[in-house]
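Here are the chains, one letter per residue:
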Amino acid sequence: MATAVVRISAETIRARKDGVPIVCLTAYTYPVARLLDDHVDLLLVGDSVAMVLHGHKTTLGASLEMMIAHGQAVMRGSAKACVVVDMPAGSYETSAVHAVASARRIVEETGCQAVKLEGGVDVAGQIAAIVAAGIPVMAHIGLQPQSVEKDGGYKIKGRTPENVAALMRDADAVEKAGAFSLVIEGTVETVAADLTRRIAIPTIGIGASSDCDGQILVIDDMIGLTVDRVPKFVREYADLRSVVAEAAARYAAEVRSRTFPGPAHVFSAKTGKDNA
């Protein structure tokens with residue numbers, strides 16, 4: 001008899017502090033979730049989907065409906081990983097009541113295990129309210145993609161004493177508010193390491209430090225499928241850009257030469273001889 005698969009919970013992730021590093025990747029679609037599920041602890045349905053799959057210049061193009069649709073797809077493809085869905089810009093900032101309503105809709109319509117939102121001291125009230133409503137929250141400080149227009153671009157954090165102090169306050173605030181883990185993005189390595197040692201919840205680094213309790217990358221960056229600039233902190237573990245381009249070129253050549261479709265790819269008139 002097959003052993004039932006037990007899905008990793010937010011509490012399980014929280015308990016991984018100072019343990020075996022937590023493996024995280026983004027996922028936005030059913031087939032990718034199927035492929036990644038056996039290899040990761042956590043799948044993030046990131047608002048980066050607006051850029052990666054929908055062609056927006058920033059993550060601000062993500063909507064609540066977009067995040068829910070992709071969250072549903074990932075949940076259909078995942079059986080084991082803890083699935084976290086990003087709360088997009090505009091879905092939580094105005095009030096705790098608004099934040100709880102948005103988070104509840106995401107969880108109820110996708111079945112995901114947690115939500116993620118960006119910010120520190122400024123959103124501690126929203127985090128506390130969502131947690132009080134019974135929904136686990138992953139926090140996100142450092143470089144915050146939803147704030148790139150306000151910040152004037154993608155700027156590395158932790159390079160001034162004032163900013164380091166602000167990051168420390170943010171980390172303390174989200175931990176106190178009840179977040180089960182904390183993403184640290186685009187932050188000076190030593191500062192990210194200090195933040196990891198400072199708080200009792202796991203930190204997930206992206207462009208941060210190997211001392212973080214886990215790491216995350218955007219899946220398209222990691223497999224070499226990103227068609228625009230790849231951030232410095234990315235390591236490409238495959239080159240699917242070349243694979244896709246070469247496959248398309250071969251297909252185009254065979255269509256134009258009428259060598260595809262061949263006999264193996266067409267159907268005979270005999271009933272029941274072959275199926276689609």
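Residues numbered from 1 in each chain as written. Predicted model: local features only at pLDDT ≥ 70, side-chain atom pairs only at ≥ 80, totals over all residues. Heavy atoms only, no water.

K.L.:
Just give me the short version of the UniProt feature "binding site: Mg(2+)" (unreviewed entry) in the chain, but keep the residues and values in it.
P.N.:
Residues given the UniProt feature "binding site: Mg(2+)" (unreviewed entry) here are Asp47, Asp86 and Glu118. In three dimensions, the annotated residues from a span of 72 residues occupy one location, with a maximal C-alpha spread of 10.8 Å. The residue aspartate 47 is located in the loop between β2 (42–45) and α3 (49–52) in this model. Setting aside residues no more than four positions away along its own chain, aspartate 47 makes contact with Thr59, Ala62, Met67, Asp86, Glu118 and Gln146. By the element assignment, glutamate 118 lies in strand β4 (residues 114–118). With near-sequence residues (within four places) excluded, glutamate 118 lies in contact with Asp47, Tyr92, Val123, His140, Gln144, Pro145, Gln146 and Ser147. (UniProt positions renumbered as here; feature names shortened; annotations may be inferred. Helix = DSSP H or I, 4+ residues; strand = E, 2+ residues; numbered from the N terminus. Contact = heavy atoms within 4.5 Å.)

K.L.:
Give me the lowdown on the pairing of strand β7 (residues 203–206), citing residues and values where you can.
P.N.:
Burial of β7 is two-sided: the residues Thr203 and Gly205 facing one way and the residues Ile204 and Ile206 facing the other way are all buried. With four bridges joining them, strand β6 (residues 181–185) and β7 adopt parallel strand pairing. Bridge pairing in β7 places leucine 182 opposite threonine 203. Where β7 and strand β8 (residues 214–217) come together, two bridges link them in parallel fashion. (Buried < 20%, exposed > 50% of the residue type's maximum accessible area, 1.4 Å probe, protein only. Pairing = 2+ DSSP bridges.)

K.L.:
Which residues make up the nonpolar core, and what values go with them?
P.N.:
In terms of nonpolar packing, the biggest core is built from 58 residues, with Leu43, Ile127, Ile130 and Leu182 touching the most fellow members. Those residues in contact with leucine 43 that lie beyond four places of it in its chain are Leu25, Ala27, Ala33, Leu36, Asp37, Val74, Ser78, Ala81, Cys82, Val83 and Val84. Listed in part, the 16 residues of the second largest apolar core include Leu44, Val84, Ala114 and Ile206. (Core = buried A, V, L, I, M, F, W, Y, C linked by side-chain atoms within 4.5 Å.)

K.L.:
Which residues make up the pairing of strand β3 (residues 82–86), and what values go with them?
P.N.:
In terms of burial, β3 is a largely internal element, five of the five residues being buried. Along β3, one buried face is formed by Cys82, Val84 and Asp86 and the opposite face, lined by Val83 and Val85, is buried too. Two elements, β2 and β3, share four bridges in a ladder whose sense is parallel. Following the sheet pairing, leucine 43 is matched in β3 by valine 83. As defined by bridge partners, β3 adjoins β4 across three bridges and the pair is classed as parallel. Across the sheet, valine 84 pairs through a bridge with alanine 114, a residue of β4. For the crossover that starts at β3, traverses helix α5 (residues 96–110) and ends in the parallel β4, the hand is right-handed. (Right-handed = clockwise from strand over helix to strand, strands pointing away.)

K.L.:
Break down the state of the cysteines for me, with residues and values.
P.N.:
Taken as a whole and assessed by the stated rule, the structure comprises zero disulfides. Residue cysteine 82 stays outside any disulfide, its sulfur separated by 8.6 Å from that of cysteine 112, the closest cysteine. A disulfide-free cysteine, cysteine 212 has its sulfur positioned 11 Å from the sulfur of cysteine 24, the nearest such atom. (Disulfide = S-S within 2.5 Å.)

K.L.:
Before we move on, can you summarise helix α8 (residues 161–177) with the specific residues and values?
P.N.:
Residues three or four positions apart in an α-helix share a direction because the helix packs 3.6 residues into each turn. Compared with the 24 Å implied by 1.5 Å per residue over 17 residues, the 24 Å span of α8 between its first and last C-alpha is a close match. Among all positions of α8, only Leu167, Met168, Asp170, Ala171, Ala173, Val174 and Ala177 are buried. On the buried face of α8, the contacting elements are α6 (124–132), β5 (137–142), β6 and α9 (189–198). (Expected span 1.5 Å × (residues − 1).)

K.L.:
Describe the sheet that holds strand β1 (residues 22–26), and please don't skip the residues or the numbers.
P.N.:
The eight strands are arranged β1-β2-β3-β4-β5-β6-β7-β8 in a closed barrel whose pairing can be described as parallel. Recorded for the sheet is a direction-independent mean angle of 25 degrees between the axes of neighbouring strands. Examined bridge by bridge, β4 and β5 share four bridges and lie parallel to one another. Bridge pairing in β5 places valine 115 opposite valine 137. In this fold α8 packs onto β5 and β6, with an angle of close to 175 degrees to the strand it touches most, β5. (Axes fitted to C-alpha atoms, helices over the stretch in contact; angles between N-to-C directions.)

K.L.:
Give me the side chain of serine 209: which residues, what numbers.
P.N.:
Among the secondary structure elements, serine 209 is positioned in the loop between β7 and β8. For serine 209, a relative accessible area of 4% puts it in the buried group. Within the structure, the side chain of serine 209 is placed 2.9 Å from the backbone nitrogen of aspartate 211, a separation counted as a polar contact. Residues in contact with serine 209, not counting those within four places in the same chain, are Glu189, Ala192, Ala193 and Gln215. (Polar contact = N/O pair within 3.5 Å; in protein donor to acceptor, adjacent residues only side chain to side chain.)

K.L.:
Go over unusual backbone geometry with me, naming the residues and quoting the values.
P.N.:
Backbone torsion omega between phenylalanine 260 and proline 261 reads 0 degrees, so that peptide bond is classified as cis. The residue proline 261 is located in the segment after α11 (240–256) in this model. The phi angle at arginine 258 is positive, at roughly 60 degrees, despite the residue not being glycine. For arginine 258, a relative accessible area of 75% translates into the label exposed.

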